[in-house]
Structure formats: C-alpha cells, structure tokens
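Topology and contacts: notes
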Amino acid sequence: MLKKYAYSICCCVCFLFFLTPVFAGDPVYPAFMIPDSLKKNAHVVKRMEEVIVKINDPRDVRVTTHFVITVLDAEGEKYARVTESYDKLKDLRSIKGTLYDALGMPIKKLKQSDIQDMSGVGSESLMTDDRYKQHAFYYNVYPHTVEYEIEVKYNHSFYLPYWVPQEAESYAVQQSKLVVTAPKDYLVRYRNFNYKGEPLVTNDGGDNTYTWEVKNMAARPDEPYAPRWYKRTTTVLLAPAVFEMQQYKGSMNTWEEFGHFSYILNQGRDQLPDGVKQTVHQLTDGLSREEKISKLYTYLQQHTRYISVQLGIGGWQTFDANYVATKGYGDCKALSNYMCALLKEAGVKASCVLVYAGEDAKDVTEAGFPSTRFNHVIVCVPGTKDSTWLECTSSFQPVGYLGSFTADRPVLFVDETGSRLVHTPVYTMEQNQQIRHISATIAATGDMALKADTRYTGLQQDDPSARLNVLTREKILERLKQAGYFSSYDVNSYECRQLKESLPAIDEHLEIAAHNYATVTGKRMFLEPNLLTKTGRRLTSDTARRSDIYLNDAYRDVDTVKITIPEGYTPEAVPQPVTLQSIFGTYSSKVAVDGNVITYIRSIDHKGGSYPASAYPELEKFYNGMYKADRARMVLVKK
C-alpha cells in the first residue's frame, strides 16, 4: 500500500504546549483548574497545544509539537500516549515528556530508554524502512497530566501535517494553536473545516506566518451514522503548491499537476521481459478487448501475490514490471503497474489510479483540494462507453469488480495526456441484494431445524466471498458458530459457491439446529418468525443532533421464511403487518398461517447517502420501527 502519511501524519503526534512555571516547584496545570464545562462527558482534556510547522524550503520542513493533556479516567488513557513514525523521508529528532499528578506536580520525566523503537514491517510487508517510536507513562491514578514535546524533520514537502485539535467525541480542548511559517514566495495551501474565519497572517522579514487557534471545545456526544471525524470537528488540511521529494520535483495546485508528477515518478517502469511478452500474445492474440482484459487479469491473479515492499520514495514509486515478473509479487503500485504493462503489450491502454481505500473512507479525498490523501492503487481500463476497473491485489476478485474497499469515491486517474479526478463505480440497491429462502421445522420441545439458501450480490457478497477465499473451512464454521444467530445452536452444514461475474454473486446453503428456539410454557409456544435477518441497532433520541447523517451503501434484503410448527398448535396472537416509509428507505414484514405452516416475509430497501442532521428523528423512527418489527413474537396455543 502507499504510505499513509497524507492522512495519518499527525494522528499520533499533534499536541503540546510546554508552560514553564513562574517559580520552581509551582504546579503545572492542576486538574482542579479545568472548567466544569470541559469535564462534562470528557475522558481527557487537552490543556494547551502548539503545533509549529516551519517550511524552510521544499526539501526541509520542521514540525515541533507541544501538548499538555489531563487524563480524567481510564478511558482517556489511550490519548496520553505518543506513537510517531520515521523513515528515510522523515527524521524523528526528539521526544521529551513529563508526568504530573492531579495537583500538577511533576512525578516522572521521560527517559530515552523508556521509548520503544519498533519496526513498521507488518504481516504483508516483505521490506519497509518504516519504524515507530512509542511511549506511555502507564500511570493509573486519575486524574493525571502528561506533557510531551516532539520534533520532526521532513526531508521533503510532498506531504504536510494536518491539524485536528479535538481527537474524538470524548475529548475536550482548552486551547490549541497551529502556526505555519514559510518564505513569502512559498504558497501555503490549506483547507479549513469547522473553523470560523481565516487564519491570522503576519509578515516577519522574508516569511509569512499563518496562525489558527481554538479555545474551549467541549466534548461531543457520540453520534451514530455520522461523517468522518475530520468533517465534524475543527480541522485544517495543509498541502504544498510546489514540492520536492528526493531528486523529484513537482507541483500540486491542480489534480492534473499531481497526476503528472505521479506519472513522471513511475514513467518507464512498464517494460516486460521477453518471456512474459510472448505469454501475453499467446494468451490474447485474436481476442476481443474484453476477452484480453479478462484473460490477463486471470493471469495476474494466478502468477502474482500481494506483498508490500516500500523503501524511501518507494512508498510512492513502483517497482518495475520486470521485478514483478521475476519475483512473482509486488505491492498495490507494482501489481497495478504490471497489469497495465500486460495490457499495453496486448494493445489495450490502461492507467494506474490513486485511491484512498477503505469501506468507510469514501469522502477522504477532497475534490477541490489536491493533496496526497491516497493509500492504494488500482487500474482503470477506459472504454468507449464504460471503463473496466481492476483490483490487482486480490487473487479472487472478479474482473471489473471493485467492492466496498474502493467503490463509490473520487480517485486520481494518472495519465500522460491529462490526469484528472474521476469517480469509481457506484453499486446500487438493485445490485447489492441479499435474497434468502428459509425452511424450518419446530419440534414440540421448542428445538428447531433450519435450512437457509441465500444469494448475495454486489457489495453484499463481499464478506462471504472473503470468508470463502481467505479462510479455511474450519475457520468459516467457527465464525458461523460465533455469529449469534440464536442463543444456542449447532451448524450442521455449510456450502458456498462463487459466481465470478462483473457483478459477482455468492450462493450459500446453511443448515442449523437451534436449541430451545421457541419457548414452551404450558399449552403455549412463543416464537419470533423472523429467524436470521434482524436490524441490529436501536437508536436513542437526540434532539441536539449536530452532525449530518451518513449511510454507507444502498442495499436490498428479502427474506421468505416458512416454519412448520408441531401438530395441534394454532395461532393465538400473530404480529400485525408492518409497513414503514421513510426518506431512508422502505420496510415491510407480514405473517400468514396456513394449517401448521407459518409464512413470514420481510423486505427492506435501504438507501445510502448523506442527509441533514434535522432528519435524525425520522431515522430514529425508521430504525426503531424496524428493530421492533424484526423482534415481534407470535403466540401459539395447543388445542
């Protein structure tokens, strides 16, 4: 994967103001001085912070971060730790720290021997120069206060830190300041979120200084279905206009400029060895464009595997196609570049695409703010009508399908004739379906034997597809037993079949023996006819909702359930049909009884997208209505 500096550069460091006591021995930030308004709903309070970014030139950026944090309880302890990365592009100069008691008196100073220095090599990394330094005081008497000072030097200006004074909902901020200083002829680009006004700009000799400051930010309540945190709190993103990284120079005023830099950085690295060229022609000569893409994508999946190799600028510059052909592995950049090279040899033009990947990361890349907010590379094969998208790190993804990891988001199409921001495919409600047919038999004891046949399509098949292709059968059965379908049950059979189409599908057969599913009391039997698909979350009222509502994806679920009950039982109470209409979708459920067979049908068309905070009462009504209907019980009585 691409190095995630653009999005995480300051996540672990951003904070501190070292306040020197007026007299020796005076307390520093006693906890009782925190206003009650900041302690409300907070686990931690940032007392003071100053982040100083000094851009000396495009090859030299210094960042000094000072912060003082008071930890109110054990829940806030995770925010009082420092984790800072470093590599060939970034020098970690120093970390200093002090621990204070509740009265603000010093208890312990950080010793360099207390700092852990660890490799950043992960389970999928063969080689990387990423390293991390970590420190925590591990003090569990509350409240207490920690103070840190961190100095970092970037040997480039390709990415710059960003500023988020308030790290989470339960985090209050007394004071925080960002100060950026740069030469007058150096354009500092920035994007403010939830910041009133513009930064204060001052001139000092040959430099311009930009200052942002916030005070008295109270902790916020946890709001479900909210946008990403940086859009909900005060955030300042920084990016260069011009930059240097090792011997490479570039500009970032527009997406086209950014894409041109990426193209030049990787230009000429698509040369295939002669043996692979011959294989390409053997596989594709005489085939149509679509057949060539499919054949070569299958070849890629069968002959390569994903392994991360990132050293220095290699976090952004690919290993060449010959390297992948020889080694049989590469990271996302290398495999995507190799795929483009294979297609090029077959006469099909394709381009690498920069993307910020992640199921809940659709809104990270800001269309109007070119910056290095990418962590992954995929391939786009432009077509006359439709483009074909390829996820080159997957050994099982069908050709042309992206999945929730990279679908429905802005991405940077890198091309020699004009890079541009485009949008990956959006999978619709009609494509993201779960259609389930269940037959079940309940014994007089309340035990139940169940058979379920389910077809998952589009994004709904992502999870079962990953299970099928990544986990062993033993692990799959173990997860199914831990899924919590019923209070007590055994999985007697499980089969799964994958349909590899441009819109993939999974057919699943599941057999379960549930113990005491129905409650038998005297002559009566109590049961819920909705067996497997239940809305999982009940929402609480929130009249002071501040954040917009963000629902990830649209989908459709339809369950048809037939339950055979023991002879002699007749319905005494049957759930009424439920129909819910909302801007967020529609829901319906109904029960019918014919002899000793109960038929239950449940369907939901769930919309995705963004909605204003004022719509939260309707969301609460819709979700809680589904929650209640999904758990409706019926009563049977024995004659």
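Everything here concerns the structure above.
Notes on the structure in this doc start here.

Analysis parameters
- Residues numbered from 1 in each chain as written.
- Predicted model: local features only at pLDDT ≥ 70, side-chain atom pairs only at ≥ 80, totals over all residues.
- Heavy atoms only, no water.
- Axes fitted to C-alpha atoms, helices over the stretch in contact; angles between N-to-C directions.
- Helix = DSSP H or I, 4+ residues; strand = E, 2+ residues; numbered from the N terminus.
- Parallel < 35°, antiparallel > 145°, perpendicular 65-115°, else oblique.
- Left-handed = near helix turned anticlockwise from the far one by under 90°.
- Contact = heavy atoms within 4.5 Å.
- Nonpolar A, V, L, I, M, F, W, Y, C, P; charged D, E, K, R; others polar.
- Pairing = 2+ DSSP bridges.
- Buried < 20%, exposed > 50% of the residue type's maximum accessible area, 1.4 Å probe, protein only.
- Expected span 1.5 Å × (residues − 1).
- 1 Å grid on protein atoms, 1.4 Å probe; cavity = no way out; pocket = protein on both sides within 12 Å on 5 of 7 lines; lining within 4 Å.
- Points joined across faces, edges and corners; volume = space filled by probe spheres on them.

Quick notes on the packing of helix α4 (residues 274-284) against helix α7 (residues 332-345)
At a minimum axis distance of 9 Å, the contact between α4 and α7 shows a crossing angle of 60 degrees. Accordingly, the angle class assigned to the pair α4 and α7 is oblique. Considering how the two elements wind past one another, α4 and α7 form a crossing that is right-handed. Every residue of α7 that contacts α4 at V276, K277, V280 and H281 is listed here: Y338, L342 and E345. Residue composition of the contact of α4 with α7, by class: 4 nonpolar, 1 polar and 2 charged.

Things to note about the packing of α4 against helix α5 (residues 289-303)
Closest axis-to-axis distance for the α4/α5 pair is 9 Å, and the angle between their directions is 135 degrees. One element, α4, and the other, α5, form an angle in the oblique class. The interaxial crossing formed by α4 with α5 has right-handed handedness. Mapping the contact onto sequence places T279, V280, L283 and T284 in α4 and K292, K295, L296 and Y299 in α5. A class-by-class count of the residues in the contact of α4 with α5 yields 4 nonpolar, 2 polar and 2 charged.

Considerations on the sheet that holds strand β38 (residues 634-638)
Working definition: the strands of a sheet are paired by backbone hydrogen bonds and lie parallel or antiparallel to each other. Pairing is antiparallel across the open sheet formed by 4 strands, whose spatial order is β29-β30-β38-β33. The open sheet has two free edges, formed respectively by β29 (519-521) and β33 (569-573), since each of these has just one partner strand. Each strand of the sheet is rotated relative to its neighbour by a mean of 30 degrees, with strand direction disregarded. Here 4 bridges tie strand β30 (residues 524-527) to β38, and the two strands are oriented antiparallel to one another.

Remarks on the pairing of strand β14 (residues 235-240)
Of all 6 residues in β14, 6 are buried; the element is thus mostly enclosed. Residues T235, L237 and A239 line one face of β14 and the alternating positions V236, L238 and P240 line the opposite face, and both faces are buried. In terms of strand pairing, strand β11 (residues 188-193) meets β14 through 6 bridges, oriented antiparallel. Bridging from a neighbouring strand, R189 pairs with A239 of β14.

Quick word on helix α10 (residues 616-630)
Here α10 contains 15 residues, and its C-alpha end-to-end distance of 21 Å stays within 8% of the 21 Å for a straight helix at 1.5 Å per residue. Taken as a whole, α10 has its buried residues at Y616, L619, E620, F622, Y623, M626, Y627, A629 and D630. Against β31 (549-551), β34 (578-582), β35 (585-594) and β36 (597-606) lie the buried residues of α10.

What about the sheet that holds strand β32 (residues 555-564)?
A sheet is described by the order of its strands in space; here 8 strands give the open sequence β27-β28-β26-β25-β32-β36-β35-β34, paired in mixed fashion. Looking at the sheet topology across the chains shown, the edges are occupied by β27 (489-499) and β34. Going from strand to strand, the sheet's axes swing by 10 degrees on average, the running direction of each strand aside. As paired strands, strand β25 (residues 433-442) and strand β26 (residues 448-457) are joined by 9 bridges and run antiparallel to one another. Bridged to S439 within β26 is K451. In the packing of helix α8 (residues 462-470) onto the sheet, contacts are made with β26, β27 and β28 (505-514), and the angle to β27 comes to roughly 95 degrees. Packing of helix α9 (residues 473-481) onto the sheet brings it into contact with β27 and β28, and relative to β27 it is tilted by some 125 degrees.

Side note on the layout of surface pockets
Taking a probe equal in size to a water molecule and rolling it over the atoms shows the remaining empty space. Counted as a void, the largest pocket has a volume near 1400 Å³. Forming the walls of the largest pocket are 46 residues, and the residues nearest its centre are Q434, Q460, D463, Y555 and D557. Listed by contribution, the elements that provide at least two residues to the lining of the largest pocket are β25, α8, α9, β31, β32, β36 and α10. Per-element accounting of the lining of the largest pocket gives the leading share, 4 residues, to α8. When grouped by side-chain class, the residues that make up the lining of the largest pocket number 20 nonpolar, 10 polar and 16 charged.

Some details on the pairing of β32
Relative to β32, β25 is paired through 9 bridges, and the arrangement is parallel. Across the sheet, S439 pairs through a bridge with K562, a residue of β32. The pairing of β32 with β36 spans 10 bridges and is classified as antiparallel. When the bridges of β36 are listed, D557 appears paired with I604.

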